Amino acid sequence: MPNITLHSLTRMKLAGDKATCVTSYDASFTQRINQAGIDIILVGDSLGMVLQGNDSTLPVTMEHMVYHTRCVRAGNSQCMIMADMPFMSYRTTEQAMTNATDLMQAGAQIVKLEGGLWLKDTVSKLYEQGIPVCAHLGLTPQAVNKLGGYRVQGKTPEQAASLLNEAIELEAAGASIILLECVPNAVGKAITEAVNVPVIGIGAGPDTDAQVLVIYDMLGITPHKPARFVKDFLSQEGSVLGALESYVSEVKSGQFPAPEHCFN
Ligand code: KIV
């Protein structure tokens with residue numbers, strides 16, 4: 001078992017201690033991430049963009065996710081490993097059960113699914129069977145074609161209320177973590193205060209219980225223009241370990257995310 005568990009993350013939320021998360025897809029980065037004292041590793045389907053060079057996460061398959069989850073597991077000693085369920089791998093509850101089982105057997109401790117209220121039954125069934133779920137809300141990159149681009153979500157009062165309702169309902173259905181991507185600060189704060197489970201934010205403001213970044217983004221080696229919520233920690237530190245340690249320290253002290261990384 002890793003040192004970081006859902007229980008320890010919930011204790012951190014109650015104590016007001018910020019948690020840290022970065023993506024990883026291999027054993028070597030995972031070892032550095034462990035050394036830096038990061039709490040959660042996300043084996044993200046962002047690998048479709050940063051490793052495979054695609055312009056979205058849609059081409060990522062279960063085979064890719066299982067392979068990279070195994071690689072991360074091989075390098076991990078203490079972080080909690082969260083693995084993404086890729087595009088269309090949880091169309092039905094039965095399909096979600098089969099695919100989530102493969103990710104857990106590859107080394108994940110929790111799986112992440114993108115979506116809203118339609119996920120409730122699937123979340124409940126996975127939870128009943130011992131598979132914790134992180135519900136990814138807000139900007140859900142697998143729905144980029146429906147959303148019309150990588151845009152900030154929850155900007156109107158109606159959209160914000162609907163996101164809040166989704167978070168509350170998914171927690172009630174059994175979600176163990178909520179991940180919020182690209183929402184105004186006020187939405188990140190309201191959802192974090194409304195639910196008892198830890199909330200991880202990316203472009204969701206400084207008030208969420210934890211922050212996540214794609215490791216290639218926070219090392220400044222992604223080829224495309226970085227999103228507003230990204231900070232390059234490598235350029236100021238000069239080593240991968242130094243960058244990760246600086247990220248941990250800035251998240252824990254509340255220095256990151258700063259106003260220039262947030263949406264209002
Ligand atoms: O796949 C990923 O890296 C993610 C993060 C952007 C949260 O889902």
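Look up a bit, the structure's there.
1. Regarding the packing of aromatic side chains
1) Next: Tallied over the full model, the rule gives six aromatic pairs.
2) Next: Taking 5.5 Å as the distance between ring centres and 75 degrees as the angle between the ring planes, the aromatic pair formed by Phe233 and Phe256 counts as edge-to-face. You can see Phe233 sitting in the loop between α10 (215-218) and α11 (234-237) and its partner Phe256 sitting in the segment after α12 (240-253), a full 23 residues away along the chain. Judged on exposure class, the residue Phe233 and its partner Phe256 are both buried.
3) Next: A centroid spacing of 6.1 Å and a plane angle of 65 degrees characterise the contact between Tyr247 and Phe256, whose relative ring orientation is edge-to-face. The pair Tyr247 / Phe256 is uniform in exposure class, with both members buried.
4) Next: One aromatic cluster is present, formed by Tyr25, Phe29 and Tyr216 through successive ring pairs.

2. Observations concerning α12
1) Next: With 14 residues, α12 should reach 20 Å at 1.5 Å per residue; the first-to-last C-alpha distance of 20 Å fits that figure.
2) Next: Within α12 the residues assigned to the buried category are Gly242, Ala243, Leu244, Ser246, Tyr247, Val248, Glu250 and Val251.
3) Next: Tucked into the core, α12 has its buried residues touching β1 (19-23), α2 (27-36), β8 (210-213), α10 and α11.
4) Next: Among the residues trailing α12, Gly254 stands out with phi positive, at a value near 85 degrees.

3. As for the site of the ligand
1) Next: As a structural note, the neighbourhood of the ligand is formed by Thr23, Leu42, Gly44, Asp45, Ser46, Asp84, Lys112, His136, Leu179, Glu181, Ile202 and Val214.
2) Next: In this structure, an oxygen atom belonging to the ligand sits 2.5 Å away from a side-chain N or O atom of Ser46.
3) Next: Contact between the ligand and Asp84: an oxygen atom at 3.0 Å from a side-chain N or O atom of the residue.
4) Next: Protein coverage of the free-state accessible area of the ligand, which is 260 Å², stands at 94%.

Conventions and cut-offs
- Residues numbered from 1 in each chain as written.
- Predicted model: local features only at pLDDT ≥ 70, side-chain atom pairs only at ≥ 80, totals over all residues.
- Heavy atoms only, no water.
- Phe/Tyr/Trp six-rings, centres within 6.5 Å; stacked < 30°, edge-to-face > 60°.
- Helix = DSSP H or I, 4+ residues; strand = E, 2+ residues; numbered from the N terminus.
- Buried < 20%, exposed > 50% of the residue type's maximum accessible area, 1.4 Å probe, protein only.
- Expected span 1.5 Å × (residues − 1).
- Contact = heavy atoms within 4.5 Å.
- Near = heavy atom within 4 Å.
- Polar contact = N/O pair within 3.5 Å; in protein donor to acceptor, adjacent residues only side chain to side chain.
- Areas by Shrake-Rupley, 256 points an atom, 1.4 Å probe, with all protein chains shown as cover.

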